Structure formats: structure tokens, C-alpha cells
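Secondary and tertiary structure notes
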Amino acid sequence: MEQFEMNGGAEAFEGLREKIAAAYPALSPQLRLIAEFAMSNPDQIAVETAQNLARRIGVPPSSMVRFAQTIGYKGFNELKRDYREHLVYRLGEITEREALIAHPSSGAIAAVDALMSETRRDLDKLFKELDRKQFDRAVIELVRADRIHVLAQHAAFGVGCIFHWTALSLGTPSNLLNGTGGFTGRQAELLGLEDVILAISFSPYQPVVIQSARAHAARGGVVVAVTDTLLSPLASFAQVTLETPQRLPFVTHSQVATACVLQALAIAVSETRPKDDQAQGAARPPA
């Protein structure tokens with residue numbers, strides 16, 4: 001295989017990620033674990049040894065070499081080099097870490113300091129790495145929709161509500177498929193082909209979200225996905241996929257970056273829709 005050459009740019013790194021995603025369906029279970037980790041934790045791939053990574057992922061060290069060779073490298077160190085060129089520790093993160101060491105917080109305030117620090121890093125990464133072409137495509141598909149149906153469960157439900165509330169507040173017709181009474185699947189089956197599902201799900205992916213969105217796509221409907229990586233099951237059938245990488249477990253990490261994307265998406269849809277359509281949109285709910 002021809003080796004993938006990195007030049008440090010966003011487009012080159014995106015090419016590497018697309019190459020991993022393309023190889024993923026044919027990988028063995030062990031190599032899939034490595035691919036999933038590499039897509040979600042690029043900084044760790046850049047700085048840790050193959051042995052440490054293998055221990056964290058739960059695979060033999062030799063699997064790290066096989067994974068690199070499968071996607072076109074002679075060995076793992078060459079793959080790591082290309083990750084490092086694009087993802088070496090960011091200067092801002094190092095400075096921030098040094099500041100926290102110099103002025104450590106303790107007790108209850110440590111939780112808010114840690115979360116604010118993490119949020120700043122996530123927003124900075126989002127600003128640099130958000131796929132703006134995909135964002136524009138998502139806006140186009142949502143503007144074309146007769147009605148937008150937000151499909152989200154569990155950890156994704158809160159950020160889904162942010163899109164839904166923002167859309168309604170700005171006069172954009174939106175419906176929340178929230179699963180009340182267990183009718184999500186049936187509700188999705190009754191959608192028209194001019195309706196668009198905005199499906200939001202992160203690992204571990206909720207079956208009802210995946211199944212309902214896939215069924216809508218199979219009937220010829222449009223699905224816009226907001227998910228964590230290109231390896232997400234949503235990405236395999238959605239017409240548009242917006243990636244917002246997540247940290248696990250969700251309950252102890254910031255979701256501000258994802259909330260920012262979804263709120264911005266709702267605002268952009270409202271600003272792009274024809275004014276006549278906005279005038280006929282839903283009444284504004286109280287703030």
C-alpha cells in the first residue's frame with residue numbers, strides 16, 4: 001500500500017481519518033478496537049508507546065503494528081509520527097496545565113476549575129477542527145425540510161433539547177422524538193420523505209436512535225447526524241455527519257462544545273430559511 005503522507009494540515013489529517021473509516025468494516029475485532037480508539041483519542045496515539053496503547057485498548061502490542069500496516073504504513077512508529085505532526089501537545093494546553101500546577105485548586109472548587117479548563121480546550125479544538133463544509137450541508141438539508149425531527153436519547157438528549165428549544169424560539173418548526181411511551185420507532189415510521197431527522201448519538205449508541213434513523217434513510221428520507229466519530233453507525237447511512245468528539249464518561253465531562261454546535265446549527269437554519277417560512281413557524285416559547 002502507498003503510505004499516507006501528512007503535511008500537518010487539517011486536510012491531510014482528515015484524509016488519514018477517512019482512510020481509517022474506509023478500512024474499518026473489513027477489520028478484525030481487535031483492529032476495530034484500535035481504530036475506534038485512534039479516532040476518539042488522537043492525542044494519545046501521538047504521544048504514547050505502542051505497548052502502553054495496547055494495554056489501554058486491551059489488545060496485544062503486535063496488533064498496533066498490524067493496524068498501522070493495514071492502513072498503509074510500514075510500522076506503528078510511522079503512523080505515530082503522522083499523528084504527532086498534527087497533534088503534538090498544543091501550546092495553550094501546556095500553558096494551562098502549568099498554570100494549574102502553579103495554582104492548584106482543591107475541594108469543591110477543583111471540580112469547576114477542571115470542567116472550565118476542559119471546556120476551553122474542547123472549544124478551542126472545535127474551532128480549529130469543525131468540518132465547516134459539513135456544517136453548511138447540514139444547514140441546507142435542515143432548511144429544505146418540511147419539519148425537523150430531533151432524535152436523541154440518554155446523554156445526547158440534553159443537547160438535542162438545546163437545538164429544539166432554539167429552533168422553536170426562532171420560529172423554525174421542530175419536533176422532539178423523545179420516546180415518551182416507547183413510541184419513537186412508530187413516530188419515525190410515520191414521517192414524510194420531506195421531513196429530516198436530526199439524529200444525535202454518541203458511544204454507546206442508543207439502538208432506538210440508530211434503528212429509527214436508519215429506517216427513515218432506507219425509505220429515502222434525509223438524516224443529519226451529530227455523532228462522535230466517522231465510525232459511528234449513524235455515519236454509515238446519514239447524508240450529512242457532523243463530528244463532535246466526546247469524552248467518557250459523559251456525566252463527568254463537558255458537553256459545551258456539542259451544545260455549541262447544535263445551538264449554532266439551529267441559529268444558522270433560522271437565519272437561512274426564507275422569511276415567509278419563518279413567519280409561519282411555531283410560536284416562540286417563553287425564555
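Residues numbered from 1 in each chain as written. Predicted model: local features only at pLDDT ≥ 70, side-chain atom pairs only at ≥ 80, totals over all residues. Heavy atoms only, no water.

Moving on, we come to the overall build of the protein chain. Helices and strands together make up the secondary structure of the protein chain, namely 14 helices and five strands. Scored against the burial criterion, the 287 residues of the protein chain give a buried share of 46%. Pairs at least 24 apart in sequence give 70% of the contacts found in the protein chain among residues at least 6 apart. In the form shown here, the protein chain has an accessible surface area of approximately 14700 Å², with 56% of it arising from carbon and sulfur atoms. (Helix = DSSP H or I, 4+ residues; strand = E, 2+ residues; numbered from the N terminus. Buried < 20%, exposed > 50% of the residue type's maximum accessible area, 1.4 Å probe, protein only. Contact = heavy atoms within 4.5 Å. Areas by Shrake-Rupley, 256 points an atom, 1.4 Å probe, with all protein chains shown as cover.)

Okay, the side chain of Ser-212 next. For Ser-212, the location among the structural elements is in helix α12 (residues 207-218). Residue Ser-212 is classed as buried on the basis of its relative accessible area, which comes to 6%. Apart from the residues within four sequence positions on either side, Ser-212 is in contact with Leu-151, Thr-184, Gly-185, Ala-188 and Ile-197.

Take the packing of aromatic side chains next. What the rule picks out here adds up to zero aromatic pairs. If you follow Arg-32 out to its NZ or CZ, it ends over the ring of Tyr-24, 4.7 Å from the centre. The lysine or arginine in question, Arg-132, covers the ring of Phe-127, its NZ or CZ lying 5.4 Å from the ring centre. (Phe/Tyr/Trp six-rings, centres within 6.5 Å; stacked < 30°, edge-to-face > 60°. Lys NZ or Arg CZ within 6 Å of the ring centre and 35° of its normal.)

Let's shift gears to unusual backbone geometry. A cis amide bond, omega 0°, links Ser-203 with the succeeding residue Pro-204. A positive phi angle, near 50°, is found at His-154, a position not held by glycine. Along the chain, His-154 falls in the loop between β1 (148-152) and α10 (157-169).

Here the focus is the environment of Glu-18. Positionally, Glu-18 belongs in helix α1 (residues 10-23). The spacing of Glu-18 and Leu-230 is 212 residues in sequence and 7.7 Å in space, taken between C-alpha atoms.

Time to look at the pattern of salt bridges. Tallied over the entire structure, the rule returns six salt bridges. With a closest N to O distance of 2.2 Å, Glu-243 and Arg-17 form a salt bridge. Here Glu-243 is found in strand β5 (residues 240-243), whereas its partner Arg-17 is found in helix α1, with 226 residues between them in sequence. For Glu-243, a relative accessible area of 18% translates into the label buried. (Salt bridge = Lys/Arg side-chain N within 4 Å of Asp/Glu carboxyl O.)

Let us now look at the pairing of strand β2 (residues 174-177). Where β1 meets β2, four bridges bridge the pair, whose relative direction is parallel. In the strand pairing of β2, His-149 is matched with Asn-175. Between β1 and its parallel partner β2, the chain crosses via α10, and the hand of that crossover is right-handed. (Pairing = 2+ DSSP bridges. Right-handed = clockwise from strand over helix to strand, strands pointing away.)

Turning next to the environment of Leu-31. Along the chain, Leu-31 falls in helix α2 (residues 29-40). Relative accessible area serves as the criterion here: at 8%, Leu-31 is assigned to the buried category. Taking the C-alpha atoms as reference points, Leu-31 and Met-64, separated by 33 residues in sequence, lie 7.8 Å from one another. Those residues in contact with Leu-31 that sit more than four places away from it in its chain are Ser-63, Arg-66, Phe-67 and Thr-70.

Counting 34 residues, the largest nonpolar core has Phe-163, Leu-198, Ile-200 and Leu-265 as the members making the most contacts within it. Counting residues per element, the ones that place at least two in this core are α9 (132-144), β1, α10, β3 (196-201), β4 (222-227), β5 and α13 (256-272). A total of eight residues in this core trace back to one element, the largest contributor, which is α13. Setting aside anything within four residues of it in sequence, one finds Leu-265 in contact with Phe-135, Ala-138, Val-139, Leu-142, Phe-163, Leu-198 and Leu-242. (Core = buried A, V, L, I, M, F, W, Y, C linked by side-chain atoms within 4.5 Å.)

Mapped onto the elements of the fold, Ala-22 is located in helix α1. Ala-22 sits in the exposed class, given a relative accessible area of 62%. For the pair Ala-22 and Leu-231, spaced 209 residues apart in the sequence, the C-alpha separation amounts to 9.1 Å.

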